Amino acid sequence: MLVLGIDTSCDETAAAVVRDGLTVLSNVVSSQVPLHRRFGGVVPEIACRAHTENVTRVVEQALADAGAGFADLAGVAVTNRPGLIGALLVGVSAAKAIAIARGLPLVAVNHVEAHVFAAVLAGGEFPLPAVALVVSGGHTTLFLVRGPGDLTELGRTQDDAAGEAFDKAAAILGLGYPGGPAIDRAARAGNPRAVPFKRPYLAPESLDFSFSGLKTALLYHVRGQDSRGAAGGPRAGVDVADAAASFQETVVDVLVRKTLLAAERAAVRHVVLGGGVAANSRLRERMAEEAAARGLSITLPPRALCTDNAAMVAAVGARRLAAGARDDLSLDAHSRMA
Ligand code: KG4
Ligand code: ZN
């Protein structure tokens, strides 16, 4: 069963073909990073315009790479939430057009759920129930996962998402955009204990997150106590690699501790990671080590399946289609989770 997945929720125009919800036949991601770089973040209007220009080509490329045509498809899966509303609408409209023109079943997919199940495309089905940490530019959320469509939120960020914090930290450090990969790289040459940032654990038992205070602490460390706003670079004497490594270690400490606490509390033996920040080398290393130390198994999707892609959308779509789910042409896009 071949399913075409489409995702235009943020700044990547993505289409993919997946067989039986498990095997990636093609995975095309057209990045808009160069278009947004000079603004230091994703500009919604630019994103939807670029999606409009790219979506047809990206879908055709995904089919060509898979050696498939529309006639081979069992259905079309599309992200309809959460994300930038104008951006989502482009993918939803493209999916509807394909579905009506080719008489194919249409099914909507939640982008965050897709990040959770991206892992199946590399390692096959993971043990359930599991605790999933979705860490991306827009989300930092812990879920108890019992199966597709059965996710219970255990905790979430109260302010910035982890990826957003990485992006802002990189801007403060003058490391460029997108910030996560830049900090990951810079941190390799730094000492993670050089700057003793306070770990934002919130209440001792809380499964919620908060990263905006850490971002301010980094700003003060880099530019001095009286600094305000985003202008300027690091002051003399600040070691950028040390600051990047210390910032990253702080975020990782919090993500690891709360994920393992969630697993312990839910009496779950398996942990799954998803979202762009799950591509972070230090997070992967520490989460794997500490999960193993507690006797938990862990699924870490390969980096290309952590960041936004449509293969994960096709994977969830295939499961929804197999369960009989169908959406019709009244399908709408929604900016919020649900
Ligand atoms: O999942 P994603 O591609 O898009 C959203 O749904 O948001 O995540 C993008 C986020 C960005 O904030 C980016 O800086 C971050 O993931 N990211 C990383 C790494 N690679 C991407 N953060 C830390 N370390 C990385 N290696
Ligand atoms: Zn995402």
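Residues numbered from 1 in each chain as written. Chains lettered and ligands numbered in written order. Predicted model: local features only at pLDDT ≥ 70, side-chain atom pairs only at ≥ 80, totals over all residues. Heavy atoms only, no water.

Engineer: Quick rundown of the nonpolar core? Include the residues and the values.
Structural biologist: Of all hydrophobic cores here, the largest spans 48 residues; its most connected members are F211, L218, F247 and L283. Among the secondary structure elements, those contributing two or more residues to this core are strand 6 (130-135), strand 7 (140-147), helix 6 (162-173), helix 7 (179-187), helix 8 (212-223), helix 9 (240-266), strand 9 (270-274) and helix 10 (281-293). The dominant element in this core, judged by the number of residues it contributes, is helix 9, at 12 residues. Leave out the neighbours within four places in its chain, and L218 touches A169, I172, L173, F197, A243 and F247. Counting 33 residues, the second-largest nonpolar core is a separate cluster that includes A130, A132, V272 and L321. (Core = buried A, V, L, I, M, F, W, Y, C linked by side-chain atoms within 4.5 Å. Buried < 20%, exposed > 50% of the residue type's maximum accessible area, 1.4 Å probe, protein only. Helix = DSSP H or I, 4+ residues; strand = E, 2+ residues; numbered from the N terminus. Contact = heavy atoms within 4.5 Å.)

Engineer: A description of the coordination of the zinc ion (ligand 2) should follow, citing residues and the corresponding values.
Structural biologist: Within the protein, the atoms that donate to the zinc ion (ligand 2) are H111 (NE2), H115 (NE2) and D308 (OD), at distances of 2.0 to 2.1 Å. One can describe the donor arrangement at the zinc ion (ligand 2) as irregular, given that its 4 donor atoms subtend angles of 93 to 142° at the metal. Counting residues between consecutive donors of the zinc ion (ligand 2) along the chain gives the motif H-x3-H-x192-D. Remark: D308 occurs in the loop between helix 11 (303-306) and helix 12 (311-322) and H115 occurs in helix 4 (residues 111-117); sequence separation between them is 193 residues. Both residues of the pair, H115 and D308, belong to the buried class. (Donors = N, O, S within 2.8 Å, 3.2 Å for Na, K, Ca; no water. Tetrahedral: all angles 85-135°; square planar, octahedral: opposite > 155°, others 65-115°.)

Engineer: Could you give an account of the pairing of strand 2 (residues 12-19), naming the residues involved and the relevant values?
Structural biologist: Each regular strand displays side chains that alternate between the two surfaces of the sheet. Of all 8 residues in strand 2, 7 are buried, a share of seventy percent or more. In terms of strand pairing, strand 1 (residues 2-7) meets strand 2 through 6 bridges, oriented antiparallel. Counterpart to V3 in the pairing with strand 2 is V18. From the end of strand 1 to the start of strand 2, which pair antiparallel, there are 4 residues. Relative to strand 3 (residues 23-31), strand 2 runs antiparallel, the two being bridged by 8 bridges. By the bridge assignment, A16 is partnered in strand 3 with N27. (Pairing = 2+ DSSP bridges.)

Engineer: Go over helix 3 (residues 85-102), please, and point to the residues and values.
Structural biologist: End to end, helix 3 covers 26 Å across 18 residues, agreeing with the expected 26 Å (1.5 Å per residue, within 8%). When helix 3 is considered as a whole, its buried residues turn out to be A87, L88, V90, G91, V92, A94, A95, I98 and A99. Against the buried residues of helix 3 lie strand 1, helix 2 (44-66), strand 4 (73-81) and strand 5 (106-110). (Expected span 1.5 Å × (residues − 1).)

Engineer: Can you tell me about unusual backbone geometry, naming the residues and giving the values?
Structural biologist: In this chain, R81 is followed by P82 through a cis amide linkage whose omega measures -20°. Residue position: P82 is located in the loop between strand 4 and helix 3. Note the cis peptide between L128 and P129, where omega equals -5°. Looking at where P129 falls in the secondary structure, it is placed in the loop between helix 5 (120-123) and strand 6. Phi at D20 is positive, roughly 55°, even though this residue is not glycine. Mapped onto the secondary structure, D20 falls in the loop between strand 2 and strand 3. The exposure class assigned to D20 is partly exposed, which follows from its relative accessible area of 48%. Positive phi, normally seen in glycine, also occurs at A267, with a value near 55°. The topology assignment puts A267 in the loop between helix 9 and strand 9.

Engineer: Explain the pattern of salt bridges to me, and be specific about the residues and the numbers.
Structural biologist: Oppositely charged side chains can form a pair if their charged atoms are brought close together. Scanning all chains against the criterion turns up 15 salt bridges. Of the charged contacts, one joins D160 and K215 as a salt bridge, the two residues approaching to 2.9 Å between their closest N and O atoms. Here K215 lies in helix 8 and D160 lies in the loop between strand 8 (150-156) and helix 6, a separation of 55 residues in the sequence. Using a relative accessible area of 18% as the deciding quantity, one classes K215 as buried. Linking D253 and R199 is a salt bridge whose minimum nitrogen-to-oxygen distance equals 2.8 Å. In this pair, D253 is assigned in helix 9 and R199 in the loop between helix 7 and helix 8, connecting sequence segments 54 residues apart. Of the residues examined, D253 reaches a relative accessible area of 16% and is grouped as buried. Overlapping salt bridges, with partners in common, bring together R199, E249, D253, R282, E285, R286 and E290 in one network. (Salt bridge = Lys/Arg side-chain N within 4 Å of Asp/Glu carboxyl O.)

Engineer: Quick rundown of the site of ligand 1? Include the residues and the values.
Structural biologist: Every one of the 19 residues lining ligand 1 counts as a neighbour, but G137, D167, G180, D184 and D308 are closest to it. Interatomic distance of 3.3 Å between a side-chain N/O atom of H111 and an oxygen atom of ligand 1. For ligand 1, the protein covers 89% of the area, taking 550 Å² as the surface of the free molecule. Where the shell around ligand 1 is concerned, the elements lending two or more residues are helix 4, helix 6 and helix 7. Among the residues making up the shell around ligand 1, the classes are represented as 5 nonpolar, 11 polar and 3 charged. (Near = heavy atom within 4 Å. Polar contact = N/O pair within 3.5 Å; in protein donor to acceptor, adjacent residues only side chain to side chain. Areas by Shrake-Rupley, 256 points an atom, 1.4 Å probe, with all protein chains shown as cover. Nonpolar A, V, L, I, M, F, W, Y, C, P; charged D, E, K, R; others polar.)

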